[in-house]
Amino acid sequence: MGDAMGGGRITAVLGPTNTGKTHYAIERMLAHRTGVIGLPLRLLAREVYDRIVAARGPSVVALVTGEERIVPPRTQYWVCTVEAMPTGMGADFLAIDEIQLCADPERGHVFTDRLLHARGLHETLFMGSDSMRSVIAQLVPKAQFMRRERFSRLTYSGSKKISRMPARAAIVGFSVDDVYAIAELLRRQKGGAAVVMGALSPRTRNAQVEMYQNGDVDYLVATDAIGMGLNLDVTHVAFSSTIKFDGRRMRYLMPNELAQIAGRAGRYQTDGTFGVTGEAEPFDAEVIEAIEEHRFTPQKKLNWRNPRLEFGSPDRLIASLEMAPSDPALVKAREADDLQALKTLSTLKTVRPRLRTARDTKLLWDVCRIPDFRGISHGEHTSLLERIFEFLHEYGRVPDDWLATQVKRIDRTEGNIDTLSKRLAYIRTWTYVAQRENWVDDESHWREATRAVEDRLSDALHGALTQRFVDRRTSVLLRRLKQKEGLVADVNDKGEVTVEGEFVGRLEGFRFMQDKAATPDEAKTLAAAAMAALAPEFNLRADRFYNAPDTEMDFTDQGGLMWGEHAVGKLVPGDDALKPRAVAFVDDAVATDVAEKVQRRLQHFIDRKVATLFEPLLNMSRDETLTGLARGFAFRLVENLGVIPREQIAQEVKELDQDARGALRKHGVRFGQYTIFMPLLLKPAPTRLRLLLWALNAKFDEFPDAPPPGLVTIPAADHAPDGYYTMSGYRLSGQRAIRIDMLERLADLLRSQDSRAGFEANPDMLSITGMTLEQFADLMEGLGYKADKSERVKMKTVDQVISDDAMPAGEPEVPEAADLSGIAADLPDEGEAPSAEFAQPVPAEDEASEFDETELPEGVAVDAGVVEEETEEFYTFTWGGNRGGNRNANRGPRRGAQGENAGGERPLGKKGGGKPQGKKGGKPRRDGGRDGRDGGRDGGNQPKTFSARPPKKEKAIDPDNPFAALMALKDKK
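These numbers come from a predicted model, not from an experiment.

Calculation notes
- Numbering of residues starts from 1 in every chain and runs along the sequence as written.
- Local features in a predicted model are, by the rule used here, given only for residues with pLDDT of at least 70; side-chain atom pairs are given and counted only at 80 or more, and totals for whole chains, interfaces and linings are based on all residues.
- Hydrogens and water are ignored here; the side-chain numbers use all heavy atoms of the structure.
- Elements are defined by DSSP. Helices are runs of H or I of four residues or more, strands are runs of E of two residues or more, and each kind is numbered from the N terminus.
- To sort residues, take the accessible area from a 1.4 Å probe on protein chains only and compare it with the maximum for the residue type: under 20% means buried, over 50% means exposed, and anything in between is partly exposed.
- We call two residues in contact when some of their heavy atoms are within 4.5 Å.
- What sets the accessible areas is the Shrake-Rupley method with a 1.4 Å probe; for residues, cover comes only from the shown protein chains.
- Paired strands, as defined in this entry, are two strands with at least two bridges between them according to DSSP.
- Nonpolar side chains (Val, Leu, Ile, Met, Phe, Trp, Tyr) within 5 Å and like charges within 9 Å form the patches, drawn only from residues with over 30% relative accessible area and no salt bridge.
- A side-chain nitrogen of Lys or Arg and a carboxyl oxygen of Asp or Glu constitute a salt bridge if their distance falls within 4 Å.
- Only four residue types enter the tally: Lys and Arg on the positive side, Asp and Glu on the negative side, with His and both chain ends excluded.
- Note that the charge is assigned to NZ on lysines, CZ on arginines, CG on aspartates and CD on glutamates.
- To estimate how far a helix should reach, multiply one less than its number of residues by 1.5 Å.
- We define a polar contact as two N or O atoms separated by no more than 3.5 Å, with the added condition that, inside protein, one atom must be a possible hydrogen donor and the other a possible acceptor, whereas residues neighbouring each other in sequence contribute only through side-chain atom pairs.
- Two aromatic rings, drawn from Phe, Tyr or Trp (for Trp, its six-membered ring), form a pair once their centres lie within 6.5 Å of each other, and the interplanar angle then sorts them: stacked below 30 degrees, edge-to-face above 60, tilted otherwise.
- Any Lys NZ or Arg CZ that is within 6 Å of a ring centre and within 35 degrees of that ring's normal is treated as a charge sitting over the ring.
- Axis lines are fitted through C-alpha atoms, for helices just across the contact stretch, and the angle between N-to-C directions can take any value from 0 to 180 degrees.
- Note that the term roughly parallel is reserved for angles under 35 degrees, roughly antiparallel for angles over 145, roughly perpendicular for angles of 65 to 115, and oblique for everything else.
- The handedness criterion is simple: a crossing whose near helix is rotated anticlockwise from the far helix by less than a right angle is left-handed, and one whose near helix is rotated clockwise is right-handed.
- Take the buried Ala, Val, Leu, Ile, Met, Phe, Trp, Tyr and Cys residues and link them wherever side-chain atoms come within 4.5 Å; each set so joined is a nonpolar core.
- A residue's pLDDT is simply how confident the predictor is in it, with values from 0 to 100.
- Classification convention: Asp, Glu, Lys, Arg as charged; Ala, Val, Leu, Ile, Met, Phe, Trp, Tyr, Cys, Pro as nonpolar; all other residues, Gly among them, as polar.

Could you give an account of the overall build of the protein chain, with specific residues and numbers?
When you go through the protein chain residue by residue, the secondary structure sums to 30 helices and 34 strands. Per-residue burial over the protein chain gives 52% buried out of 973 residues. Long-range pairs, those at least 24 residues apart, make up 70% of the contacts in the protein chain between residues at least 6 apart in sequence. In the structure as shown, the protein chain presents an accessible area of about 46,200 Å², 50% of it carried by carbon and sulfur atoms.

In structure tokens:
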């Protein structure tokens, strides 16, 4: 390196980015026998070094940076960082790149020193921004100027979301956190991104750039380090921020700084664009024009620090470093880290006594120039420098064992990105120490050792960055799609999908489900790649599904439609409650014909399911022989899916004559005392579908579940919607709901009791309900009866005593009535004929004229002496009249108006469903109404008359009655 008085031509090659300035400098250097080029970044120095080695071979090219030193014996060309450029060489050629960094507040004084003093013997080049023209002309009068124009256009494209970022784009952040956050977002939405930061080692940076350059990823996330001459295939540069921390404060970037970074877009003759993304404010028109036209405010002041240092004492050294410049174009640089460290160390009691000679001061200054690669506090950094200075001053070397300990602590490749980055920063301190001449005993060993550790950490960091910020599955698939290559998809018998050998997710029915390890954003990207390869599979699946039997399909209580274990659709309300519509679950990207085929098959399934399970109801609706009131009543029944509480249609029932009722009974309609229903529709399968269709038609947000099949009674559900119990085939009474067919059988038994004088529950009543006596009392109160609990002496007979004495000791007594509420009742399964007991009609009061009342057998008194007494509890039930109601209304489901329970059902004993008042000790009354057939529904307030009546004439059996055969068998007994 020469000085300012050296001969030779001095040329300033100025212009915007992408003008080939660095390429021109390399050509000029290789035209000379020897040369030196200074570059702003270690990364860029490595790039230029590789290019010159490719041209001239490694034996004549040296690479010298703060942490790397490759110097062959026959070196002709030196590639260096500006700070590490050797002095006193007298090379034929010398070049300094990015000369505009003379104005940088941190490093500017080093570049200014090279501008003023570094010269080649025959040729000197300064490359940089055109804003340096006037200040160079002022400080270097001999300089000639060469203007180079940009090869391609650079235009502003505004603001873009990261999700809409074009391929081959670089997104710039100004902090590590920003870079990582952006890279993570790109991995989710675009398959991944390469990461480039100045703090990365050249090995890590090159591996990341290679991943971007070869197309593994289409996006690059970087700090402003890419503005320093890194040659990348970038077409768009997006700023995520326009504010950076410059070492002292947060500040906005100047237009020329923005242009330096934006200029990375567009290589050679390919045009480029720049813009903003995220929360960055759009550029002003003046800034846009300046960047596009490459016109910036000329640089007027350059940072300077006195290069002529005095080492007589620490104080004289500090004074020389703080000397002010005499030229008005120069401004004293702010206090750098090395000067801060010098001021701190020179005052320490452990250091100050050692500074006796100029050589000692020079050594301290060399130690203070070790950069703070670790970025830790000033105190920790100076403590490390203090230790190194003590070793060098006392032993002339850094001890091997101490250095080995420091390196060994760092030589570990496990950990996350932040941990590996910190270790890389730490090893850079020791690579810097190993590069200094005479600081370690075996320089070659320690240079190789620290370089090997840095390489291992660099590879580990590259792997960690790739693992975190690149989804290789997505990037591979997207690259194949971009290259228009045919993708090969495979689906195994478990539905697992692989594309080009990469597991991407699974097929559930006709929907592609992203691998759970991926995020929703990644699912969108993967789906785009996978769906292109899955089209044949969807067609095959649609054909198999269309030809599948109904037995492979089912519906859920919430309206889902299943094919095996996969949801393939759902039900939505149709024009009629019995005509729901099927909606297929098919990905939007699936072909239209596939979606239509799946939808048609689902509609066929649900239509046939309704036709099968509701066949009696549909047959009745299509019976043209039903006319007048019977047809209207049939319509009401169809409208209510085959089950209606009697109190809701009491008037319509009154108006039906016996012929109309007979016509309806032929279709299986049963006129119960409390419910009008079709027994065949109480089976579990029709009940489950009825409840679903009802909830679907009511448009509930959440559908209630069907009760477990076959239970006689079920517990009252909290917050059950109105109509739930009726549609489930139950009637709420007390704390439980009883199945409506079993309630009719119970009502038949209750009609034979003297409800005015009071009666007790007999075993048949308890057997029908499957309840304990206490539970039965609660049920009866819910039906409108009054339950009086009492105690009495239980009489034991001699036979009972003998039986009790014969029982083994410790044997438990048999309870009076076991709780059988969870035992399945005698409803026949779907497809079976009703049993005789189930099919036997239980006449309501309006059917008294059709059936003879069955006399219950009289109890048989036990003719035995009483030998022992015992107390027992019993209930006496009397009709409560209009008192009725559910005494547990606050504990059970919501109640309707006018005493109705959930489902609009009045408790037994209310008008329209009351218990008739029979004569004391006799059979219940059958008057109460105009025709004496309506169970006392309108006769409660009528004048009562009593008269004897002749014996009832035997009525002929109705040949249309489906139970005629059973009755005929009864008569033959």
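Can you tell me about the pairing of strand β24 (residues 560-563), naming the residues and giving the values?
Alignment of strand β23 (residues 553-555) against β24, held across three bridges, turns out to be antiparallel. Its bridge partner lying in β24, Met553 is registered against Trp563. Strand direction decides the pairing type here: β24 and strand β25 (residues 566-576), joined by four bridges, are antiparallel. Bridge pairing links Gly560 to Lys570 in β25. Connecting β24 to the antiparallel partner β25 that follows it, the hairpin turn spans two residues, and Gly564 within it adopts a positive phi of roughly 65 degrees.

Requested: an account of a negative patch on the surface, with residues and values cited.
There is a patch of like negative charges on the surface, built from Asp400, Asp401, Asp442 and Glu448. Of note, Glu448 is situated in helix α15 (residues 443-469).

Help me get a handle on helix α2 (residues 42-56), residues and values and all.
In a regular helix each residue adds 1.5 Å, so 15 residues correspond to 21 Å; α2 covers 21 Å between its end C-alpha atoms and thus fits that length. Along α2, the positions that sit buried rather than exposed are Arg42, Leu43, Leu44, Ala45, Arg46, Glu47, Val48, Tyr49, Ile52 and Val53. Looking at the residues trailing α2, positive phi occurs at Gly57, about 95 degrees.

Before we move on, could you go through the side chain of Thr34 and cite the residues and values that matter?
As for its placement among the helices and strands, Thr34 is situated in the loop between α1 (21-30) and β2 (35-39). A relative accessible area of 14% means that Thr34 is categorised as buried. A polar contact of 2.9 Å, which involves the side chain of Thr34, links it to the backbone nitrogen of Asp92. Apart from residues lying up to four places away in sequence, Thr34 is in contact with Gln76, Tyr77, Ala91, Asp92 and Phe93.

Go over unusual backbone geometry, please, and point to the residues and values.
Even without being a glycine, Leu641 presents a positive backbone phi close to 60 degrees. Checked against the element boundaries, Leu641 lands in the loop between α20 (628-639) and β27 (643-645). On the basis of relative accessible area, Leu641 is assigned to the buried category, the value being 3%. Although it is not a glycine, His719 sits at a positive phi angle of roughly 60 degrees. Position of His719 relative to the elements: it lies in the loop between β30 (713-715) and α24 (724-728).

How would you summarise the packing of aromatic side chains if you had to cite specific residues and measurements?
For any pair of aromatic rings, geometry is given as the distance between the ring centres together with the angle between the planes. Within the structure shown, the criterion is met by 20 aromatic pairs. Measuring from ring centre to ring centre gives 5.0 Å for Tyr785 and Trp879, while their planes differ by 75 degrees; the resulting arrangement is edge-to-face. Remark: Trp879 occurs in strand β34 (residues 866-879) and Tyr785 occurs in strand β33 (residues 785-797); sequence separation between them is 94 residues. The buried category is assigned to Tyr785, whose relative accessible area is 0%. In this structure an aromatic cluster arises from ring pairing among Phe759, Phe776, Tyr785, Tyr875, Phe877 and Trp879. In this structure, Lys362 is placed above the aromatic ring of Phe311, and the distance from its NZ or CZ to the ring centre is 5.9 Å. The residue whose ring lies beneath Arg436 is Tyr432, and the NZ or CZ to ring-centre distance is 4.1 Å.

Tell me what's going on with the environment of Glu873, and back it up with residues and numbers.
Along the chain, the position of Glu873 falls in strand β34. The exposure class assigned to Glu873 is partly exposed, which follows from its relative accessible area of 34%.

Quick one: what's the story with the packing of helix α14 (residues 417-435) against α15, residue by residue and with numbers?
Where α14 contacts α15, the axes come no closer than 9 Å and their chain directions differ by 160 degrees. Accordingly, the angle class assigned to the pair α14 and α15 is roughly antiparallel. Relative to α15, α14 is oriented so that their crossing is left-handed.

Let's hear about the nonpolar core: which residues, and what values?
Phe510, Leu534, Leu578, Phe614, Leu617, Met620 and Leu664 are the most contacted members of the largest nonpolar core, which totals 72 residues. With near-sequence residues (within four places) excluded, Phe614 lies in contact with Leu578, Leu641, Leu681, Pro686, Leu689, Arg690 and Leu693. Core analysis: the next-biggest nonpolar cluster, separate from the first, contains 63 residues, Val179, Leu317, Ile410 and Trp430 among them.

Go over the confidence of the model for the protein chain with me, naming the residues and quoting the values.
Summarising the model, the protein chain shows a mean pLDDT of 80, and 78% of its residues fall at 70 or more. For the protein chain, the element scoring lowest by mean pLDDT is helix α29 (residues 836-839), at 36; strand β6 (residues 93-96) scores highest, at 96. Long-range and interchain partners of residues 1-5, a stretch whose pLDDT sits below 50, account for 19 contacts in this model, where long-range means more than four residues apart. In this model, residues 801-866 is a region of pLDDT below 50 whose contacts with residues beyond four sequence positions or in other chains number 120 contacts.

Describe in detail the sheet that holds strand β4 (residues 69-70), supporting the description with residues and values.
On the basis of which strands lie adjacent, the open sheet formed by eight strands has the order β4-β3-β5-β2-β6-β7-β1-β8 and mixed pairing. At either end of the open sheet lies a strand with only one pairing partner, and these are β4 and β8 (144-147). Summarising the sheet, strand β3 (residues 61-64) and strand β5 (residues 77-81) pair through four bridges and their orientation is parallel. Bridged to Ala62 within β5 is Trp78. Relative to β5, α2 is tilted by about 165 degrees, and along the sheet it contacts β2, β3, β4 and β5.

Provide a residue-level description of the pattern of salt bridges, including the pertinent values.
One pass over the full model with this rule turns up 51 salt bridges. In this structure, the salt-bridge partner of Arg295 is Glu289, at a minimum N-O distance of 3.2 Å. Ionic pairing is found between Glu335 and Lys343, a salt bridge with its closest N-O pair at 2.5 Å. You can call Glu335 partly exposed: its relative accessible area is 30%. Accessibility expressed as a relative area gives 27% for Lys343, which makes it partly exposed. One continuous salt-bridge network, built from bridges that share partners, spans Arg46, Asp50, Glu68, Arg203, Arg451, Asp455 and Asp459.

Hey, could you go over the pairing of β2 for me, with residue numbers and the actual values?
Burial analysis of β2 places five of its five residues in the buried class, which makes it a mostly covered element. Going residue by residue along β2, you find Gly35, Ile37 and Leu39 tucked away on one face and Val36 and Gly38 tucked away on the opposite face as well. Direction of pairing for β2 relative to β6: parallel, over a ladder of four bridges. In the sheet register, Val36 faces β6, and the bridge partner there is Leu94. Sheet analysis places β2 next to β5, joined by five bridges and oriented parallel. Residue Gly35 lies in a different strand from β5, and its bridge partner there is Tyr77.

Please set out the packing of α2 against helix α6 (residues 202-213) residue by residue, giving values where relevant.
At a minimum axis distance of 10 Å, the contact between α2 and α6 shows a crossing angle of 70 degrees. As summarised for this structure, α2 and α6 are arranged roughly perpendicular, according to the angle between their axes. Between α2 and α6, the residues in contact are Arg42, Leu43, Arg46 and Glu47 and Pro202, Arg205 and Asn206, respectively. Split into classes, the residues belonging to the contact of α2 with α6 amount to two nonpolar, one polar and four charged.

Outline the sheet that holds β30, listing residues and values.
The strands making up a sheet associate through backbone hydrogen bonding, with each pair oriented either parallel or antiparallel. Strand order in the open sheet formed by three strands is β30-β32-β31, and the pairing between neighbours is antiparallel. With one partner strand each, in any of the chains shown, β30 and β31 (730-733) form the two edges of the open sheet. Along the sheet, successive strands turn relative to each other by an average axial angle of 30 degrees, direction set aside. Sheet topology note: the β31/strand β32 (residues 736-739) ladder contains four bridges and is antiparallel. Bridging across to β32, Leu732 finds its partner in Ala737.

Hey, could you go over α14 for me, with residue numbers and the actual values?
The first and last C-alpha atoms of α14 sit 27 Å apart over 19 residues, in line with the 27 Å expected at 1.5 Å per residue. For α14, the tally of buried residues reaches 14 of 19 residues, placing the bulk of the element in the interior. N-capping of α14 is provided by Asn416, with a side-chain oxygen placed 3.3 Å from the backbone N of Asp418.

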